[in-house]
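# What the coordinates show
One-letter residues, chain by chain:
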Amino acid sequence: MIETLVVSNLLLWVAVIALAGLVFALARQIGVLHERIAPTGALLLGGGPKVGDPAPVWSGGDLFGQPVQLGGGGGDGRGTLLLFVAPGCPVCESLLPVVQRLAVEEAERLRVVFASDGEPEAQRRFAEQKQLDAFPYVVSTELGLAHGVGRLPHAVLIDAAGIVRAKGLVNSREHLESLLEAHARGVASIQEFVARSPGAEQSAGGHP
Amino acid sequence: MIDPVLLVVLRGALALLFVTAALHKLRDLHAFRVALGDYELVPWPLAGLVATGLVAAELGIAVMLVTPWARPWGFAAAALLLVLYTAAVSVNLLRGRRAIDCGCFGPALRLELGPGLVARNALLIAGALAGLLPPTPRALTALDGLPIVAAIAFLSAAYAAASRLLANAPALRALRGEP
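Predicted model only: the values in this text are computed from it and were never measured.

Another point: the overall build of chain B. From N to C terminus, chain B includes six helices and zero strands. Its helices and strands in sequence order give chain B the pattern α-α-α-α-α-α, from N to C terminus. Buried positions account for 37% of the 179 residues belonging to chain B. Considering only contacts in chain B between residues 6 or more positions apart, those separated by 24 or more positions represent 72%.

Put into structure tokens, the structure is as follows:
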């Protein structure tokens with residue numbers, strides 16, 4: 001009698017723990033699904049200049065009072081990686097270390113400019129916390145509108161002549177690196193680099 | 001009065017919880033400092049010090065919980081720390097600042113503030129306070145080992161699952177088009 005109860009109890013515990021593990025796995029999968037489906041809708045609405053078009057010209061002071069000139073060419077011969085971010089955007093935060101590393105590695109070819117929109121005080125705190133002081137940090141609603149930024153983080157690669165070379169939602173390190181890879185190898189068209197890294201532009205909701 | 005089996009389960013589960021919480025935060029202490037800064041309760045220059053202090057407190061609580069003579073102090077400190085965390089979350093919920101990371105799991109999982117987080121912490125506080133009840137005088141037998149190990153495993157998995165579901169909540173709200 002007691003033995004039966006012990007065995008039954010044992011079986012029940014095993015079942016309960018297995019079920020709890022299954023619930024955990026399901027919750028995790030739901031999270032992955034959310035990540036995959038979230039950005040697709042907004043991406044289809046993406047406006048702004050197409051790849052190959054001149055980038056909108058913008059000039060003004062950044063968050064730290066430094067003058068910044070975007071688009072129009074005539075710079076120091078380097079391309080520009082314009083990255084739209086915002087405080088409280090977790091994907092942006094996870095991307096920042098990658099951007100900072102790339103900015104150092106590609107310093108000869110590329111300058112990195114951050115852009116955002118919203119209350120300057122929150123922006124300044126965000127920039128300081130994330131150690132972005134070394135980069136131009138533009139706070140401008142017009143710039144975001146001109147580039148048709150829907151979801152963040154959004155990257156635009158502008159070459160030295162002021163032409164948009166690649167752009168899109170960059171949700172992961174892979175997206176950003178493929179964007180820069182296209183630039184480094186002189187790949188002119190978006191089709192070429194999409195072919196090289198499937199999903200970089202079209203389904204930037206991307207990798208799980 | 002509380003059965004000694006439940007007491008051991010509470011000790012084990014809470015100790016495990018605090019150790020994992022501290023380890024998650026240690027993986028990226030700077031991120032925890034930033035999360036702490038986002039609560040806007042501690043001046044930014046002090047956030048680093050407070051972050052280190054909180055991680056040390058979590059580790060200390062875990063050690064106290066598994067040390068036989070320090071057990072009641074462990075439960076009391078656990079309840080106190082959880083009350084502190086819950087108060088910090090509640091203040092920011094009242095301020096309407098939901099979209100910040102709670103900092104609970106470091107880089108492993110982003111969890112935004114919400115009523116669910118407060119409810120979760122309330123359950124944990126109840127668990128920690130239950131550990132302060134006097135144990136029923138009965139000796140533990142070998143057979144008690146099964147429910148102890150099994151219950152700790154179950155509670156850990158259930159806690160992880162609940163955290164994931166809480167973390168998914170903002171994505172679900174966005175999908176439904178709710179603010």
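Within chain A, the secondary structure is distributed over seven helices and seven strands. Ordering the α and β elements of chain A from the N terminus gives α-α-β-β-β-α-β-α-β-α-β-β-α-α. A total of 208 residues make up chain A; the buried ones form 36% of that total.

This paragraph deals with the environment of V51(A). All names here are of chain A. Relative to the elements of secondary structure, V51 occurs in the loop between α2 (40-44) and β1 (58-61). Classification of V51 as partly exposed rests on a count of 19 C-beta atoms within 10 Å. Along the primary structure V51 and V164 are separated by 113 residues, whereas in three dimensions their C-alpha atoms are 5.1 Å apart.

It is worth spelling out the sheet that holds strand β4 (residues 110-116) of chain A at this point. All names here are of chain A. Strand order in the open sheet formed by five strands is β5-β4-β3-β6-β7, and the pairing between neighbours is mixed. Among the strands making up the open sheet, the edge pair consists of β5 (137-139) and β7 (164-169). Recorded for the sheet is a direction-independent mean angle of 20° between the axes of neighbouring strands. Of the strand pairs in this sheet, strand β3 (residues 79-84) and β4 are connected by six bridges, and their pairing is parallel.

Quick look at the interface of chain B and chain A now. Between chain B and chain A, the residue contacts involve 20 residues of the former and 17 residues of the latter. For the side of chain B that touches chain A, the elements supplying multiple residues, two or more each, are α2 (29-38) and α6 (145-176) of chain B. Take the side of chain B that touches chain A: its biggest share by element is 14 residues, from α6(B).

This next bit is on the confidence of the model for chain B. Averaged over all residues, the pLDDT of chain B equals 91, while 99% of them reach at least 70. If you check the scores for this complex, the pTM reads 0.63 and the ipTM reads 0.82.

Further remarks concern the nonpolar core. In terms of nonpolar packing, the biggest core is built from 51 residues, with L14(B), F18(B) and A78(B) touching the most fellow members. Elements that contribute at least two residues to this core include exactly α1 (2-37) of chain A together with α1 (4-27), α2, α3 (44-66), α4 (71-94), α5 (115-130) and α6 of chain B. Ranked by residue count, the leading element in this core is α1(B), at 12 residues. For L14(B), the residues in contact, after removing those within four places along its chain, are L65(B), A78(B), G127(B) and A128(B). Core analysis: the next-biggest nonpolar cluster, separate from the first, contains 37 residues, L63(A), L82(A), F84(A) and F114(A) among them.

Moving on to helix α3 (residues 90-105) of chain A. Here α3(A) spans 24 Å end to end across 16 residues, near enough to the 22 Å set by a 1.5 Å rise per residue. If you check which residues of α3(A) are buried, you get C92(A), E93(A), L95(A) and V99(A).

An ideal rise of 1.5 Å per residue puts 46 Å on 32 residues; α6(B) measures up with 46 Å between its terminal C-alpha atoms. For α6(B), the secondary structure elements touched by its buried residues are α1 of chain A together with α1 and α5 of chain B. Within two residues after α6(B), G177(B) carries a phi angle of roughly 75°, on the positive side.

Looking now at the packing of α1(B) against α6(B). All names here are of chain B. Put simply, α1 and α6 touch, their axes get as near as 9 Å, and they point 40° apart. Classified by the interaxial angle, the pair formed by α1 and α6 is oblique. In this structure, α1 crosses over α6, and the sense of that crossing is right-handed. For the pair α1 and α6, contact is made by V5, V8, V9, G12, A13, L16 and L17 and by P147, I148, A151, I152, L155, S156 and Y159, respectively. Of the residues in the contact of α1 with α6, the class split is 12 nonpolar, two polar and no charged.

The next thing to look at is unusual backbone geometry. All names here are of chain B. Non-glycine residue E40 carries a positive phi angle of around 55°. Within the secondary structure layout, E40 lies in the loop between α2 and α3. On the neighbour-count criterion, E40 (15 C-beta atoms within 10 Å) is partly exposed.

Another point: the confidence of the model for chain A. All names here are of chain A. Across chain A, the average pLDDT comes to 75, with 80% of residues at or above 70. Across residues 40-45 the pLDDT falls below 50, and counting only partners more than four positions away or on other chains, this stretch makes nine contacts in the model. Confidence over residues 196-208 falls short of pLDDT 50; this stretch has 36 contacts with residues more than four positions distant or in other chains.

This paragraph deals with the environment of G96(B). Secondary-structure assignment places G96(B) in the loop between α4 and α5. On the basis of neighbour count, G96(B) is assigned to the exposed category, with 7 C-beta atoms found within 10 Å.

All names here are of chain B. Packing of α1 against α3 leaves a shortest axis separation of 8 Å and a crossing angle of 155°. Classified by the angle between their axes, α1 and α3 sit roughly antiparallel to one another. Relative to α3, the crossing made by α1 is left-handed. Between α1, through R11, L14, A15, F18, V19, A21, A22, K25 and L26, and α3, the contact on the second element is made entirely by V55, E58, L59, I61, A62, L65 and V66.

Conventions and cut-offs
- Residues numbered from 1 in each chain as written.
- Chains lettered and ligands numbered in written order.
- Predicted model: local features only at pLDDT ≥ 70, side-chain atom pairs only at ≥ 80, totals over all residues.
- Helix = DSSP H or I, 4+ residues; strand = E, 2+ residues; numbered from the N terminus.
- Buried ≥ 20, exposed ≤ 12 C-beta atoms within 10 Å, placed from the backbone.
- Contact = placed C-beta atoms within 7 Å.
- Pairing = 2+ DSSP bridges.
- Axes fitted to C-alpha atoms, helices over the stretch in contact; angles between N-to-C directions.
- pLDDT = per-residue confidence, 0-100.
- Core = buried A, V, L, I, M, F, W, Y, C linked by C-beta atoms within 7 Å.
- Expected span 1.5 Å × (residues − 1).
- Parallel < 35°, antiparallel > 145°, perpendicular 65-115°, else oblique.
- Left-handed = near helix turned anticlockwise from the far one by under 90°.
- Nonpolar A, V, L, I, M, F, W, Y, C, P; charged D, E, K, R; others polar.

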